[in-house]
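# An overview of the molecular structure
Okay, here's what each chain looks like letter by letter:
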Amino acid sequence: MDYCPNCGYKILQEDLFCGNCGFSLSQIRSKSNSSSGTCKGIIFTDTLALATKLRVSLGVVCNALKNYINKVASQITYELLDYSNASSSSLRGCYDRNTRKDWLRYHKFLYSKYSFLWNSDIEYLFIIGSDDIIPMPLFQNFIPGTDGVVSSDILYGYFDMISQSVNLNTVFKSSLRFHIGRLPLSTDATFDQLQSYLDRSANVIGKGIPVQMVYAQCDPNWKQVSKNVVSQLSEKKLIPHVEADLQLIYNDIFLSPFVTKDNIGEAFNTYANLYYFNLHGSSVPEVSCFLGFSENDESRCKPYVAITPKSFEESLCDNIVVTEACYGGRHNGLAMNDSMLLTSMYNETLLYLGSSITAYGAVDKIYKKSACMYGADILAKEFISGLMSGYTAGEALHLARKKLFMNSVDEYKLVNMLTILEFSLYGDPFLTALFPNSSKEKEIVSPEYSSEIKE
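Source: prediction; values computed, not measured.

Across its full length, the protein chain holds 13 helices and 17 strands. Within the span of the protein chain, comprising 455 residues, buried residues form 59% of the whole. When the accessible surface of the protein chain is split by element, carbon and sulfur atoms take 50% of a total near 18,300 Å².

This is how it looks when you write it as structure tokens:
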């Protein structure tokens, strides 16, 4: 294929999306795939390190992964790429998260195998394990006065993204090789938890995670923005209407600090299939929760605990979590109960979108009935929109990143770039969501955008 069938823009054989209009080329390419008619992907892990961490035999781990590959084979052809088979000392070596060489070693192993064993129609990369199994790529934060180091799996998706300098033009002008998702593991992870996730994922892959109810919770200073983010979900009446004190709720979105850990049990919907949080997070090791501040409290000197990981232990249905909270995707080096991400993934969550560091988004405009969106707000809305349109989670995140990039103004391009890079997808990237009357032909709607930011 030489030109995009949607806009006529010139494309490369290995492109998953048109670089001009964002049109998904996977459907068209799938017609020329092998007789199995399925997409292709790689499960990337280190089985020896995984077995050691989970305190089981190597055979038990390998069998679990092979069983998963067999169970999903009618939908996607996964191949296991095992880093424990890396024979070169330059590839294996000692692990030290503080050196950039380590993730590049894994990147080199991935693409040495990819270029030798695979054709260009591989679309998905499912990483099993946290930093101690397969390290997340690291790069220096380019925004002064913020977190020094950023971790993001997006760099595994590009063959040539190995320089210290990362920029938006490089990201979207290079050929995307993989849609990426990662299954993180806590420091106290067990084999049963890994097996549980694989079983739950295999049960819905190709069918979609049924989304019948949505739970939303936000800081009151971002309630209008949050209303815009979940507007499509509200239009489908997926957010249950709740009769409650106006202080507690805004357009069926629960507000914190009025909803706190002390009364969250009365608000939290254990039957929800999608959870959206526009709250604060923290990098402080002892703070595993999301936080809320009093409305118009510019000093932000009195945070309230809005929700803790314990709430996800009460969830009863397969679900998706989308959070704009700073450090919402924090998991490396943490026990399960010390991370919102880890606790949710090893209960009922199958897909989780969250940031590794500080997240940026819009603050409600005072005296206006509606609010514009920025940064993480756009990414969250477009990701949800992509899922509602029938795209896989990996496709939906890529389209959301593209949309944010295309609507960036020069003055805020650095912040948008950080937003694009710092948010990672957790869970199998081939998973989809099943919304009422959803259709893949539905165009992703662009919201109104703003240059205001929140930190």
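Among the 10 residues in helix 13 (residues 413-422), 8 count as buried, and that is most of the element. Along helix 13, the positions that sit buried rather than exposed are Val415, Asn416, Met417, Leu418, Thr419, Ile420, Leu421 and Glu422.

Below, the discussion takes up the packing of helix 3 (residues 58-71) against helix 6 (residues 191-204). Packing of helix 3 against helix 6 leaves a shortest axis separation of 10 Å and a crossing angle of 5°. Classed by the angle they form, the pair helix 3 and helix 6 counts as roughly parallel. Contacts between helix 3 and helix 6 involve Val60, Val61, Ala64, Leu65, Tyr68 and Lys71 from the former and Phe191, Gln195, Leu198, Asp199, Ser201 and Ala202 from the latter. Of the residues belonging to the contact of helix 3 with helix 6, the class tally is 8 nonpolar, 2 polar and 2 charged.

The subject of this paragraph is the confidence of the model for the protein chain. For the protein chain, per-residue confidence averages 81 on the pLDDT scale, and 74% of positions sit at 70 or higher. The model gives residues 29-37 a pLDDT under 50, and that stretch makes 12 contacts with residues more than four places away or in other chains. Note that residues 440-455 has pLDDT below 50 and, in this model, 58 contacts with residues that lie over four places away or in other chains.

Its location among the elements puts Lys223 in helix 7 (residues 223-229). Distance from Lys223 to Tyr250, taken between C-alpha atoms, is 6.9 Å for residues 27 residues apart in sequence.

Next up on the list: empty space enclosed by the protein. Tallied over the entire structure, the rule returns 4 cavities of 30 Å³ or more. When its volume is computed, the second largest cavity comes out at roughly 70 Å³. Taken together, 13 residues line the second largest cavity, and the ones lying closest to its centre are Ser288, Cys289, Phe290, Tyr327 and Arg330. Taken together, the residues that form the lining of the second largest cavity break down as 6 nonpolar, 5 polar and 2 charged.

What counts as what
Residues numbered from 1 in each chain as written. Predicted model: local features only at pLDDT ≥ 70, side-chain atom pairs only at ≥ 80, totals over all residues. Heavy atoms only, no water. Helix = DSSP H or I, 4+ residues; strand = E, 2+ residues; numbered from the N terminus. Buried < 20%, exposed > 50% of the residue type's maximum accessible area, 1.4 Å probe, protein only. Areas by Shrake-Rupley, 256 points an atom, 1.4 Å probe, with all protein chains shown as cover. Axes fitted to C-alpha atoms, helices over the stretch in contact; angles between N-to-C directions. Parallel < 35°, antiparallel > 145°, perpendicular 65-115°, else oblique. Contact = heavy atoms within 4.5 Å. Nonpolar A, V, L, I, M, F, W, Y, C, P; charged D, E, K, R; others polar. pLDDT = per-residue confidence, 0-100. 1 Å grid on protein atoms, 1.4 Å probe; cavity = no way out; pocket = protein on both sides within 12 Å on 5 of 7 lines; lining within 4 Å. Points joined across faces, edges and corners; volume = space filled by probe spheres on them.

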